Every structure is written in structure tokens, then in C-alpha cells.
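In case you want the letters, here they are:
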Amino acid sequence: MHYGYIGLGNLGANCAGCLLRAGFPVTVFDLNPGLAAPLVAAGATLATSAEDLAGSVDHVITCLPSPAVSEAVLRSIL
């Protein structure tokens, strides 16, 4: 299974890192690309957008700061 992770703040980055350490392929995206750098260095693939990520993985996980942001991202990827 290939996972996609959107939202790489404190919780999101740690959760995506756990998936990587467990051996799963992970693609990541955050509006702040600097937050993805440590995960990419650990083996994650960086997506250029949430839509790009959703089109290239089996499952999408989000860890976003508010219901409004979550709704906007989900609308963009569905």
C-alpha cells in the first residue's frame, strides 16, 4: 500500500515518518515545502500538490489545522 500524507506539522510529520520507518512507500505534501524536507531525506516522495498526491497513492491521510482547511483540501482532491 502506498500512502499519501497531507499536512506535515508536528503530528503529521511524525505520523508520516512512522509509516516510512515501517517500510511503506509514502508521498507527502504541505503548503510549506520545507516541512517535507526531512521526510524526503528519509525516503518519502514529494508531491507538487494535494491533487497530485491523491492521484498517485492508494490511501490519503490528512493532518490539517481546522475543519475549514480539511474541507477545502478534501474538495480539491475528490
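Since this is a predicted model, take the numbers as computed values, not measurements.

Chemist: Quick question: what am I supposed to make of the sheet that holds strand E1 (residues 3–6) here?
Modeler: Paired through backbone hydrogen bonds, the strands of a sheet run either parallel or antiparallel to each other. With parallel pairing, the four strands of this open sheet are ordered in space as E3-E2-E1-E4. Each end of this open sheet is capped by a strand with a single partner; those strands are strand E3 (45–46) and strand E4 (59–62). Where E1 lies against E4, four bridges are found, and the strand directions are parallel. By the bridge assignment for E4, Tyr 3 is matched with His 59. In the packing of helix H1 (residues 10–21) onto the sheet, contacts are made with E1, strand E2 (26–29) and E4, and the angle to E1 comes to roughly 165°.

Chemist: Before we go on, may I ask you to explain the nonpolar core in this structure?
Modeler: Inside soluble globular proteins, nonpolar side chains tend to come together where they are buried. Judged by nonpolar contacts, Tyr 3, Tyr 5, Leu 8, Ala 16, Leu 19, Leu 20, Val 26, Val 28, Ala 36, Leu 39 and Ala 44 together constitute the single largest core of eleven residues. Among the elements of the structure, E1, H1 and E2 are those that each provide at least two residues to this core. Once residues lying within four places of it in the same chain are set aside, the contact partners of Leu 19 are Tyr 3, Tyr 5, Phe 24, Val 26 and Ile 61. Within the second largest apolar cluster, eight residues are counted, among which are Ile 6, Ala 47, Leu 53 and Ile 77.

Chemist: What's the story with the environment of Gly 4 in this structure? I'm lost.
Modeler: Counting through the fold element by element, Gly 4 comes out in strand E1. Relative accessible area serves as the criterion here: at 0%, Gly 4 is assigned to the buried category. Separated by 53 residues in the primary sequence, Gly 4 and Val 57 place their C-alpha atoms 5.8 Å from one another. Once residues within four sequence positions are removed from consideration, Gly 4 is found in contact with Thr 27, Leu 53, Val 57, His 59, Val 60 and Ile 61.

Chemist: Help me understand the side chain of Asp 30, please; the structure alone is not making it clear to me.
Modeler: Tracing the chain through its elements places Asp 30 in the loop between E2 and helix H2 (37–41). There is a polar contact of 2.7 Å between the side chain of Asp 30 and the backbone nitrogen of Leu 8. One polar contact links the side chain of Asp 30 to the main-chain amide nitrogen of Asn 32, over a distance of 2.9 Å. Apart from residues no more than four positions distant in its own chain, Asp 30 is found in contact with Gly 7, Leu 8, Gly 9 and Leu 35.

So, how was this worked out
- Residues numbered from 1 in each chain as written.
- Predicted model: local features only at pLDDT ≥ 70, side-chain atom pairs only at ≥ 80, totals over all residues.
- Heavy atoms only, no water.
- Pairing = 2+ DSSP bridges.
- Helix = DSSP H or I, 4+ residues; strand = E, 2+ residues; numbered from the N terminus.
- Contact = heavy atoms within 4.5 Å.
- Axes fitted to C-alpha atoms, helices over the stretch in contact; angles between N-to-C directions.
- Core = buried A, V, L, I, M, F, W, Y, C linked by side-chain atoms within 4.5 Å.
- Buried < 20%, exposed > 50% of the residue type's maximum accessible area, 1.4 Å probe, protein only.
- Polar contact = N/O pair within 3.5 Å; in protein donor to acceptor, adjacent residues only side chain to side chain.

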